[in-house]
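As a plain string of letters, each chain reads:
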Amino acid sequence: MSALAAELGPPVFHDAQRRIWRDQTGAGEASTRVVAEETPVAFAYEGTSYAVMMATPADLEDFAVGFSLNEGVVHSPDEIDELDIVRTDDGIVLRMALANGPADAFWQRRRHLSGPSGCGLCGLESLAQATRRPPPVAGGIRVSADAIDAAMKMLPARQTMNRLTGALHAAAFWTPDDGIVAVREDVGRHNALDKLTGAVVAAGRSAAEGAVLLTSRVSVEMVQKAASLGAPILVAISAPTALALRVADAAGITLIAVARRDGFETFTHPHRLL
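To start, this report covers the structure provided alongside it. Please read these numbers as outputs of a predicted model, since none were measured by experiment.

Now for the side chain of T197. Here T197 lies in helix α7 (residues 189–202). The class for T197 is buried, based on a relative accessible area of 2%. For T197, the contacting residues outside a window of four places in its chain are G66, L69, N70 and L229.

Bridge count between strand β3 (residues 39–45) and strand β4 (residues 48–55): seven bridges; the pairing is antiparallel. Opposite A42, over in β4, you have V52 as the bridge partner. Between β3 and β4, which pair antiparallel in sequence order, lie two residues; one of them, E46, sits at a positive phi of approximately 55°.

Under the criterion given, the structure shown has eight aromatic pairs. With a centroid separation of 6.1 Å and an interplanar angle of 45°, the aromatic rings of Y50 and F106 are classed as tilted. In this pair, Y50 is assigned in strand β4 and F106 in helix α3 (residues 100–110), connecting sequence segments 56 residues apart. Judged by relative accessible area, which is 0%, Y50 ranks as buried. By relative accessible area, which is 4% here, F106 ends up buried.

Parameters and conventions
- Residues numbered from 1 in each chain as written.
- Predicted model: local features only at pLDDT ≥ 70, side-chain atom pairs only at ≥ 80, totals over all residues.
- Heavy atoms only, no water.
- Helix = DSSP H or I, 4+ residues; strand = E, 2+ residues; numbered from the N terminus.
- Buried < 20%, exposed > 50% of the residue type's maximum accessible area, 1.4 Å probe, protein only.
- Contact = heavy atoms within 4.5 Å.
- Pairing = 2+ DSSP bridges.
- Phe/Tyr/Trp six-rings, centres within 6.5 Å; stacked < 30°, edge-to-face > 60°.

In structure tokens, the structure reads:
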């Protein structure tokens, strides 16, 4: 295990065990299964609600920081002056106080919000922002096809919660020197990547050192979040959308997808593959 992985420690999560009946060859057998928790998680800044996401109630501090960075509410974790995690009967509130400059910008933006949603595009005031061009990703590592293949094969063993539930996505950060150094899981693929962003930034790692690995398809917001983090390479098990490819191409991200046991496909900026 890398130093970063040891520092971050194992993920903390809540699960529930349910009684099930497994039917094999016509014989019903009583058993139990661990099922993933899904909880409404509200993001509140400066005392006002911003968005509500259905999420796995784990790694909530990472979620708060990563979501805030990826949404552009803040540009650095230091701009969050205070974070309170408030648990209620109806869900969890991530209550944040911002530094003066970000707070002023938040209120200016808040006036134009049309309302939050439960998808991956929360709190956006226009269609233009939904397809916004992310900041360009500069430089980054170069890796071999064998290294990418090995990285994706490592990932299932690190999906602690998914091994129990079979219902969670994962986002991981991998480097050539350390392997997989951080993994975050959630019922929502966007949430998993937000949590990973928070974990990587909190650990002081530069995303330019490695690649983001995903167990999901690649939609445009996943590319936007990876670009916000500064990851030069994005690797996913499933296929990308056409819009995701256009945004990855514009952002300078090497997008590798359909990464399965029999290989993968490189869609944009193949120069980072040795």
